[in-house]
Amino acid sequence: MIIILCAPSGSGKSTMVKHLLETYPGQYELSISATTRAPRGQEQHGKEYYFISREEFEQHIANQDFIEYEQVYEGLYYGTLKSEIERIQNAGRTIVFDIDVKGGLNLKRIFGDEALAIFIAPPSVEELSRRLHGRGDTSEDMIQKRLAKAEIEMADAPYFDKIVVNDDLAKAKNELDKLIQFTIWQCTIYNWCTILLFDNLLHSNMTKDELKERFRQFSLRIIKLVNNMPNTIAGN
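Bear in mind the structure is a predicted one, so any value in this text is a computation, not a measurement. (Residues numbered from 1 in each chain as written. Predicted model: local features only at pLDDT ≥ 70, side-chain atom pairs only at ≥ 80, totals over all residues. Heavy atoms only, no water.)

Interhelical geometry of helix α5 (residues 125–135) versus helix α6 (residues 140–154) gives an angle of 150° and a closest axis separation of 10 Å. Crossing angle aside, the handedness with which α5 passes α6 is right-handed. In contact with V125, L128, S129, L132, H133 and R135 of α5, α6 contributes E140, I143, Q144, R146, L147, A150, E151 and M154. Classifying every residue of the contact of α5 with α6 gives 7 nonpolar, 3 polar and 4 charged. (Axes fitted to C-alpha atoms, helices over the stretch in contact; angles between N-to-C directions. Helix = DSSP H or I, 4+ residues; strand = E, 2+ residues; numbered from the N terminus. Left-handed = near helix turned anticlockwise from the far one by under 90°. Contact = heavy atoms within 4.5 Å. Nonpolar A, V, L, I, M, F, W, Y, C, P; charged D, E, K, R; others polar.)

Listed below in structure tokens is the structure:
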């Protein structure tokens, strides 16, 4: 499974990602994005981001080294290198993406049902403005650009698998944990049932077409069962 976390700037996405990585050490690993922006505060190359020049980024584009990328503002790029995904998969860990909304939707389209896409929403645009001003590391002009972009991004929230409103950090962290654990449980049950069915079908006398149809019907039943489990199990 792949976890995609997206949010407007200032919604608490990075805090939620940090919580996830610290709560489940060794199970998840953050996919480090490449960017052309300058480091902030104590950020380090290869830790928060791969900080590269615009020229380097555009060379990677030409080489088709990105699975997805976006020019967020003029000259400001963010992207996910294919080599980064391979690195984490080879380590046997679940990939976590901390990425902007457009990039997250692109990844969801690429990975489909393999990915759980979660939108971290602020309580309101007014609260988002307060948070951005409270950072003290962003110009007023950039804050206004981010707020304008946030309103557009929040309109895309319904396209995500789940939405977590970060109005109370502890509550939002708890909801995130339950969503992910429930999804893992769903995938485990589905995979187990699929293997069981496949084993039974292989030992039957059905034709190839009959096997395909029986497998299709069973898959639809399992999906319906998993999607309609009681809310109490999901922690909602």
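Next comes the rest of the account.
To continue, consider the packing of aromatic side chains. Counted according to the given criterion, the structure contains 9 aromatic pairs. On the basis of an interplanar angle of 55° and a centroid distance of 5.8 Å, the ring pair of Y49 and F51 is categorised as tilted. With respect to burial, Y49 and F51 carry one shared label: buried. Centre to centre, the rings of F57 and Y69 are 6.3 Å apart; their planes meet at 70°, and the pair counts as edge-to-face. Note that F57 is positioned in helix α2 (residues 54–62) and Y69 in strand β5 (residues 66–73), a separation of 12 residues in sequence. On the basis of relative accessible area, Y69 is assigned to the partly exposed category, the value being 39%. (Phe/Tyr/Trp six-rings, centres within 6.5 Å; stacked < 30°, edge-to-face > 60°. Buried < 20%, exposed > 50% of the residue type's maximum accessible area, 1.4 Å probe, protein only.)

For the rest of this paragraph, the subject is helix α1 (residues 13–23). Those residues of α1 that sit buried are K13, M16, V17, H19 and L20. The buried side chains of α1 occupy one side of the element, clustering within an arc of 160° when seen end-on. In α1, the exposed positions angled more than 90 degrees off the buried face are occupied by K18 and E22. (Arc of directions from axis to C-beta.)

So, on to the pattern of salt bridges. Considering all chains together, one arrives at 12 salt bridges under this definition. K149 is the salt-bridge partner of E153, the closest N and O atoms lying 2.6 Å from each other. Placement of the pair is E153 and K149 together in helix α6, with a separation of 4 residues, close to one helical turn. Each member of the pair, E153 together with K149, is buried. What you see here is one network of salt bridges that share partners, running through E29, E84, R87 and R93. (Salt bridge = Lys/Arg side-chain N within 4 Å of Asp/Glu carboxyl O.)

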